[in-house]
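Coordinates in review
This is what each chain is made of:
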Amino acid sequence: MTDPVQSLIDDLHAEADRDRPTEETPEVGIVMGSDSDLDVMYGAYEALTELGFEELTDGDDLPEARFTFETYVVSAHRTPDLMDAYATTARDRGLDAIVAGAGGKAADLPNMVASLAYPLPVVGVPVQEKSVDSVIGMPTGAPLVAVDAGKSFNAALSVVQMLARAYPELEDRLEAYHDDLRAGVGRVSRDLHESGTDAFRERR
Ligand SMILES: Nc1c(C(=O)O)ncn1[C@@H]1O[C@H](COP(=O)(O)O)[C@@H](O)[C@H]1O
């Protein structure tokens, strides 16, 4: 019987060995320690799709979007060999940055991925409040940028900010996103001010 972890490891190495044009490789990787993290990590999916990225799966057709991301469950503790393969092939598979999330008090996946994938930037997401210390606690010289607990949306935005230095069209998309955010606050503010607090609250 095929070992499902080994087959993923083999696929990662095969992808790293393939000579694919950069338009066909994912720019961003999203990894999480367990599929039970998916609700929290979904924010990264939402941010990337909001900015026009498409998820690259193993379906037949390549996404039409120029920028893509991939998603995996990888655990430092349960599948250290898969984590190693994921992080050490990341660069050769075309990734520019990784968003890595894990929960619990031993949330070691983001920092281990950061160390193994170095110098590729990794943004860590503590899935719960109690995971914050284990995600951000890195020794000097071993960098990992992290967001607050649960803030996977911001983790993905940060990653796109990094990419935007190389891809000006992403800078435009980030600015458009921010303009929308700003306009939304303006609309809410006017509505609250004009309707009054009671009426505003009742409508929510
Ligand atoms: N922190 C880690 C790591 C790791 O860091 O390697 N692997 C799994 N986990 C975390 O364990 C929690 C419970 O996982 P299960 O729900 O699968 O038991 C999840 O939040 C996951 O990120």
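Residues numbered from 1 in each chain as written. Predicted model: local features only at pLDDT ≥ 70, side-chain atom pairs only at ≥ 80, totals over all residues.

1. A word on the domain arrangement of the protein chain
With domains assigned, the protein chain is organised as domain 1 (4–166) and domain 2 (168–204). A straight line from the C-alpha centre of domain 1 to that of domain 2 covers 30 Å. Contacts between the two partners involve 7 residues from domain 1, matched on the other side by 5 residues from domain 2. Residue classes in the side of domain 1 that touches domain 2 are distributed as 4 nonpolar, 2 polar and 1 charged. (Domains from an automatic or database assignment. Contact = placed C-beta atoms within 7 Å. Nonpolar A, V, L, I, M, F, W, Y, C, P; charged D, E, K, R; others polar.)

2. As for the site of the ligand
Neighbouring the ligand are 17 residues, the closest being Gly33, Ser34, Ser36, Ala76 and Gly103. Counted by class, the shell around the ligand contains 7 nonpolar, 7 polar and 3 charged residues. (Near = placed C-beta within 6 Å.)

3. Considering the nonpolar core
Within the largest apolar cluster, 50 residues are counted, with the highest numbers of intra-cluster contacts made by Ile98, Val99, Leu109, Val113 and Ala156. Elements supplying a minimum of two residues to this core: strand S1 (28–32), helix H2 (38–50), helix H3 (80–89), strand S4 (97–102), helix H4 (109–117), strand S5 (122–126) and helix H6 (152–164). At 7 residues, the largest contribution of residues to this core is made by H6. The residues touching Val113, leaving out its near neighbours within four places in the chain, are Val31, Met83, Ala87, Ile98, Ala100 and Val122. (Core = buried A, V, L, I, M, F, W, Y, C linked by C-beta atoms within 7 Å. Buried ≥ 20, exposed ≤ 12 C-beta atoms within 10 Å, placed from the backbone. Helix = DSSP H or I, 4+ residues; strand = E, 2+ residues; numbered from the N terminus.)

4. With respect to the UniProt feature "binding site: substrate" (unreviewed entry) in the protein chain
Per the UniProt record, the feature "binding site: substrate" (unreviewed entry) sits at Ser34, Asp37 and Arg78. Mapping Asp37 onto the fold places it in the loop between S1 and H2. Residue classification places Asp37 among the buried residues on the basis of 23 C-beta atoms within 10 Å. Residue contacts for Asp37: discarding those within four places in its chain leaves Met32, Gly101, Ala102, Gly103 and Val127. Looking at where Arg78 falls in the secondary structure, it is placed in the loop between strand S3 (68–73) and H3. (UniProt positions renumbered as here; feature names shortened; annotations may be inferred.)

5. Thoughts on the packing of H2 against H6
Contact geometry of H2 with H6 gives a least axis separation of 6 Å together with a crossing angle of 40 degrees. Here H2 is positioned oblique relative to H6, judged by the angle of their axes. The handedness of the crossing between H2 and H6 comes out as right-handed. From H2, Val40, Met41, Gly43, Ala44, Glu46, Ala47 and Leu48 reach across to H6, where they touch Ser152, Phe153, Ala155, Ala156 and Leu157. A class-by-class count of the residues in the contact of H2 with H6 yields 9 nonpolar, 2 polar and 1 charged. (Axes fitted to C-alpha atoms, helices over the stretch in contact; angles between N-to-C directions. Parallel < 35°, antiparallel > 145°, perpendicular 65-115°, else oblique. Left-handed = near helix turned anticlockwise from the far one by under 90°.)

6. Considerations on the packing of H3 against H4
Where H3 meets H4, the closest approach of the two axes is 8 Å, and the angle between their N-to-C directions is 45 degrees. Overall, the two elements H3 and H4 adopt an arrangement that is oblique. Like other packed secondary-structure pairs, H3 and H4 cross with a definite hand, here right-handed. On H4, the residues that touch Met83, Asp84, Ala87 and Thr88 of H3 are Leu109, Met112, Val113, Leu116 and Ala117. Its residues assigned to classes, the contact of H3 with H4 comprises 7 nonpolar, 1 polar and 1 charged.

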